[in-house]
Amino acid sequence: MGFTRFVEIGRVAYVAFGPDEGKLVAIVDIIDQSRVLADGPCSGVARKAINLKQLHLTKFTIQIAPSSRSGAVRKAWEKAEVSKKWEETTWAKKLEARKKRTQLNDFDRFKLMKAKQARNRLITIQAGKLRKQLKAN
Amino acid sequence: MRFKCAELKEYQIVGKPLSKTNEKTPIYKMRIFAPDEIVAKSRFWYFLRQLKKVRKVNGEILRMTLVSNSSPTKIKNFGIWVRYDSRSGSHNMYREYRDVSTTGAVTQCYRDMAARHRARAHSIQIMKVEEVKAGDCKRPIIKQMHNSTLKFPLPHRILKYNKKSIFVAERPSTMQ
């Protein structure tokens, strides 16, 4: 059980905070122990030096040569279908859900409350049935 | 706005001593790393005074240009020759830094000198900054990065910015 996600050329990373927060980048080259040269041609991030503290490594990698140009990175990214695969991950879905939650309007919150209520009522009914079973035994 | 913690800027300053008679005086050009124009001019006169018999009173700055970064997306190795005053004397040093820009490397140098030698900016003189080819680098900490298949994990990751969970029931995982 060792490390599976490495800072390496071609590693796809999620920018956790800073001006490009929420976007995916590919590590194109490593500057030193704390910074990398990252490029996100398919996510609108200009090629720049980013501190590793801002990056969260994903499980995806793309096949690029060290210091490849943005065009080559884009090709490799599209070939590996990174954007599509990212959208399908639980991580991306959770981020999307979090974002949706902050963008709810009052009516949406009302609908959410009603949906939660309905769900919880079903759970309570089932729990009651189980409780009755226990009492009977 | 000038911030001490921001990256330095590179200025090319050209100046010359004023002549009392109408004879031609030599013109001097310097490469100054400073946070803003005012400090740049000041440092220019500081160095020129040390190197040549010119003072700000007897001289003029002909041109000052901000040198912009030639390739901000290319990683380079920089060799920086420094002269600094320690508590008990003056020393020369050769230091290497890996960065994307000259100004970034020089800024790193100042921070590094402060950290490792407690040298303040006023006692540091940057003598020369040169881009060094990977094969000519001397410092192992720079040479270890010269590996096209370099990879390393981020072990024991402590995420300091995580404001959403300050108080948690269980110890957070630092794995990956």
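Computed from a predicted structure; not experimentally measured. (Residues numbered from 1 in each chain as written. Chains lettered and ligands numbered in written order. Predicted model: local features only at pLDDT ≥ 70, side-chain atom pairs only at ≥ 80, totals over all residues. Heavy atoms only, no water.)

Enquirer: Provide a residue-level description of the interface of chain A and chain B, including the pertinent values.
Expert: In this assembly, 26 residues from chain A lie in contact with 21 residues from chain B. Buried surface at the junction of chain A and chain B, summed over both partners, amounts to about 2100 Å²; 63% is from carbon and sulfur atoms. For chain A, the biggest contributors to the area lost against chain B are F3, I30 and I31 of chain A; these three give 25% of the whole. The interface formed by chain A and chain B contains one salt bridge. D99 of chain B serves as the salt-bridge partner of R35 of chain A, at 3.1 Å between the closest nitrogen and oxygen. Applying the counting rule to chain A against chain B returns seven residue pairs in polar contact (both at pLDDT 80 or more). Elements that contribute at least two residues to the side of chain A that touches chain B include exactly strand 1 (6–8), strand 3 (24–30), strand 4 (35–40), strand 5 (45–51) and strand 6 (55–61) of chain A. Taken together, the residues of the side of chain A that touches chain B sort by class into 14 nonpolar, four polar and eight charged. Across three bridges, the pairing between strand 1 of chain A and strand 7 (residues 151–153) of chain B is antiparallel. Bridged to V7 of chain A within strand 7 of chain B is F152 of chain B. (Contact = heavy atoms within 4.5 Å. Buried area = accessible area lost by both parts, 1.4 Å probe. Salt bridge = Lys/Arg side-chain N within 4 Å of Asp/Glu carboxyl O. Polar contact = N/O pair within 3.5 Å; in protein donor to acceptor, adjacent residues only side chain to side chain. Helix = DSSP H or I, 4+ residues; strand = E, 2+ residues; numbered from the N terminus. Nonpolar A, V, L, I, M, F, W, Y, C, P; charged D, E, K, R; others polar. Pairing = 2+ DSSP bridges.)

Enquirer: Which residues make up the pattern of salt bridges, and what values do they have?
Expert: Inspection of the entire model under this criterion finds 14 salt bridges over all chains. Between D108 of chain A and K111 of chain A there is a salt bridge whose closest N-O contact spans 3.4 Å. Here D108 of chain A pairs with K111 of chain A, and both are found in helix 4 (residues 106–136), just three residues apart, close to one helical turn. The partly exposed category is assigned to D108 of chain A, whose relative accessible area is 25%. Its relative accessible area of 43% is what places K111 of chain A among the partly exposed residues. One salt bridge in this structure joins R116 of chain B and D112 of chain B, with 2.7 Å as the shortest N-O distance. Note that R116 of chain B and D112 of chain B are positioned in helix 2 (residues 102–117) at a spacing of four residues, about one turn of the helix. D112 of chain B sits in the buried class, given a relative accessible area of 14%. Put simply, D32 and R35 of chain A together with D99 of chain B are held in one network by salt bridges that share partners. (Buried < 20%, exposed > 50% of the residue type's maximum accessible area, 1.4 Å probe, protein only.)

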